[in-house]
Amino acid sequence: MYNIKGAKILSHELGDNCFKWVMKIAEKQDVTLVYSSIFELPKECEPFNVRIVNDNSVIHDMGEFWSKKFQFYRD
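Here is a short report on the structure shown in this document. It should be emphasised that the depicted structure is a prediction, and the values quoted were computed from it without experimental measurement.

## Quick look at the packing of aromatic side chains
Working step 1: A full pass over the atoms with the stated rule returns 2 aromatic pairs.
Working step 2: Ring geometry for Phe 65 versus Trp 66: centroids 5.2 Å apart, planes at 80 degrees, classification edge-to-face.
Working step 3: With relative accessibility at 11%, the residue Phe 65 sits in the buried group.
Working step 4: You can call Trp 66 partly exposed: its relative accessible area is 22%.

Structure below.
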């Protein structure tokens, strides 16, 4: 995955221990994570800079993630 530029990762294909590695890879290249299931990023990954492509906003922690998720469900 690291050598594939522009790869999209489906969140339901990852185990809980994968997210810290996805975040490490994202430090060096853009990564698109397709949110298709409920997941929780480990606290050790916070703070992070994640761009939400739906509205081009940026979130920094899981609290902001859940707020954004509920915002999309309401809209």
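## Examining the layout of surface pockets
Working step 1: As a volume, the largest pocket reaches approximately 1,000 Å³.
Working step 2: Val 31, Leu 33, Val 50, Arg 51 and Ile 52 are, among the 32 residues lining the largest pocket, the residues nearest its centre.
Working step 3: Listed by contribution, the elements that provide at least two residues to the lining of the largest pocket are helix H1 (19-26), strand S2 (32-34), strand S3 (50-52), strand S4 (57-59) and helix H2 (62-74).
Working step 4: Class assignment of the residues belonging to the lining of the largest pocket gives a composition of 21 nonpolar, 4 polar and 7 charged.

## Describing H1
Working step 1: Buried within H1 we find Phe 19, Val 22, Met 23 and Ile 25. Taken down its axis, H1 places every buried residue within 160 degrees of arc, on the same side.

## Re the environment of Phe 48
Working step 1: Inspection of the secondary structure assignment puts Phe 48 in the loop between S2 and S3.
Working step 2: Judged by relative accessible area, Phe 48 falls into the buried class, the value being 5%.
Working step 3: Measuring from C-alpha to C-alpha, the distance between Phe 48 and Met 23 comes to 8.1 Å, with 25 residues separating the pair along the chain.
Working step 4: In contact with Phe 48, not counting residues within four places along its chain, are Met 23, Leu 41, Ile 59, His 60, Asp 61 and Met 62.

What counts, and where the lines are drawn
- Residues numbered from 1 in each chain as written.
- Predicted model: local features only at pLDDT ≥ 70, side-chain atom pairs only at ≥ 80, totals over all residues.
- Heavy atoms only, no water.
- Phe/Tyr/Trp six-rings, centres within 6.5 Å; stacked < 30°, edge-to-face > 60°.
- Buried < 20%, exposed > 50% of the residue type's maximum accessible area, 1.4 Å probe, protein only.
- 1 Å grid on protein atoms, 1.4 Å probe; cavity = no way out; pocket = protein on both sides within 12 Å on 5 of 7 lines; lining within 4 Å.
- Points joined across faces, edges and corners; volume = space filled by probe spheres on them.
- Helix = DSSP H or I, 4+ residues; strand = E, 2+ residues; numbered from the N terminus.
- Nonpolar A, V, L, I, M, F, W, Y, C, P; charged D, E, K, R; others polar.
- Arc of directions from axis to C-beta.
- Contact = heavy atoms within 4.5 Å.

Geometric values such as these leave the question of function open.
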